[in-house]
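Each chain, written out:
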Amino acid sequence: MALLSINVDHIATIREARGINEPDPVLAAGIAELAGAEGIICHLREDRRHIKNRDLELLKKTVKTKLNLEMSPVKTLIDTALTIKPDLVTLVPERREEVTTESGLDVAGNKKEYTSVTGTLKEAGISVSFFIDPDPDQIQESLDAGADIIEIHTGFYSEAVSEAEILREFEKIHEAAKLGSQLKLKVHAGHGLNYVNIKRFSSIPEIEEYSIGHSIIARAVMVGLDQAIREMINLVSQF
Ligand code: PXP
């Protein structure tokens, strides 16, 4: 049985569109846990465009399942992780201009740095996950660098258009999951997964956990909109 962790960045993105204090990703995390999510993920970006240090601090105090801090392996964020001590850190590459994470880590090209960061985090009792493309070399390099978990980047699969391309990208994920599992790494997957494209993954038992954000928040808006409107109509109709 695969597990689901929820990324609450998108709640913070809506909050930041107004620069006020709602909706609160911390409250959303509590609701996600009550609904059965096995973990809460937030991405602390260098530009703090959505999740703020305040969110991370409160999530650390309130999350009862496990807190997965996504971040790029830069000194200031590593220091923050060492202070907050989330259960898990997922290392991701970060470009300031990107709208969302665009690709996996180049572990081979940054082996020394990632090995050292991973060692530091693990010494502090924090598990480490590497977000990588479904590429056998990156998987082997992740193992060598000390990762406990690999999160396979499913974005290329999610964005594929033709059936041939979809199948090709899915097969890469399948092979990557099998290799990761053979190497005794925990295998997670995420990025761009939604209520339709996730169905195919029933054939990959090696994936233990999925990290999903956008599609769930997008659906929540749509399935919750009817009730939210009715409640406001109920209020204004009494005037
Ligand atoms: N995993 C990683 C490493 C990510 O960067 C993201 C996006 O923040 C996700 C999973 C979740 O992706 P999505 O929001 O498309 O479900």
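None of the values given here were measured: they were computed from a predicted structure.

Student: Go over the site of the ligand with me, naming the residues and quoting the values.
Tutor: Surrounding the ligand, one finds 15 residues, the nearest of these being Thr101, Glu151, Gly192, Gly213 and His214. One of the side-chain nitrogen or oxygen atoms of His10 is found 3.1 Å away from an oxygen atom of the ligand. Gly192 places a main-chain nitrogen or oxygen 2.8 Å from an oxygen atom of the ligand. Protein contacts shield 95% of the accessible area of the ligand, which totals 390 Å² for the unbound molecule. At the level of secondary structure, the elements contributing two or more residues to the shell around the ligand comprise helix 1 (9-18) and strand 8 (209-212).

Student: Lay out the packing of aromatic side chains in plain terms, naming residues and giving numbers.
Tutor: In this description, a pair of aromatic rings is defined by centroid distance and the angle of the planes. Scanning all chains against the criterion turns up five aromatic pairs. Between the aromatic rings of Tyr114 and Phe130, the centroid separation amounts to 6.1 Å while the plane-to-plane angle is 70°, which identifies the pairing as edge-to-face. Placement of Tyr114 in helix 5 (residues 111-123) and of Phe130 in strand 5 (residues 127-132) is noted, with a sequence separation of 16 residues between them. For the pair formed by Tyr114 and Phe130, the shared burial category is buried. Taken together, a centroid distance of 5.4 Å and an interplanar angle of 80° make the contact between Tyr157 and Phe201 edge-to-face. One end of the pair, Tyr157, is in helix 7 (residues 155-159); the other, Phe201, is in the loop between strand 7 (186-190) and strand 8, with 44 residues separating them in the sequence. Its relative accessible area of 5% is what places Tyr157 among the buried residues. Under the relative-accessibility criterion, Phe201 is labelled buried at 3%.

Student: Go over the nonpolar core, please, and point to the residues and values.
Tutor: Val8, Leu59, Leu91, Leu121, Phe130, Phe201 and Ile207 are the most contacted members of the largest nonpolar core, which totals 56 residues. In terms of residue count, the dominant contributor to this core is helix 8 (residues 163-182) (five residues).

Student: Give a description of the sheet that holds strand 3 (residues 67-71) that names residues and reports values.
Tutor: Strand pairing in a sheet relies on backbone hydrogen bonds. The paired strands run either parallel or antiparallel. Pairing in this closed barrel of eight strands is parallel, and the strands run 1-2-3-4-5-6-7-8 around the ring. Each adjacent strand pair in this sheet contributes to an overall mean axis angle of 25°, direction not counted. Pairing of strand 7 with strand 8, which is carried by three bridges, proceeds in the parallel orientation. Directly across from Gly190, in strand 8, lies its bridge partner Ser211. The sheet contacts of helix 5 involve strand 4 (88-91) and strand 5, and relative to strand 5 the element is tilted by about 150°.

Student: How would you sum up the environment of Asn110? Please name residues and give values.
Tutor: The topology assignment puts Asn110 in the loop between strand 4 and helix 5. In this structure, the C-alpha to C-alpha distance between Asn110 and Ala145, residues 35 residues apart in sequence, is 9.7 Å.

Basis of the calculations
- Residues numbered from 1 in each chain as written.
- Predicted model: local features only at pLDDT ≥ 70, side-chain atom pairs only at ≥ 80, totals over all residues.
- Heavy atoms only, no water.
- Near = heavy atom within 4 Å.
- Polar contact = N/O pair within 3.5 Å; in protein donor to acceptor, adjacent residues only side chain to side chain.
- Areas by Shrake-Rupley, 256 points an atom, 1.4 Å probe, with all protein chains shown as cover.
- Helix = DSSP H or I, 4+ residues; strand = E, 2+ residues; numbered from the N terminus.
- Phe/Tyr/Trp six-rings, centres within 6.5 Å; stacked < 30°, edge-to-face > 60°.
- Buried < 20%, exposed > 50% of the residue type's maximum accessible area, 1.4 Å probe, protein only.
- Core = buried A, V, L, I, M, F, W, Y, C linked by side-chain atoms within 4.5 Å.
- Pairing = 2+ DSSP bridges.
- Axes fitted to C-alpha atoms, helices over the stretch in contact; angles between N-to-C directions.
- Contact = heavy atoms within 4.5 Å.

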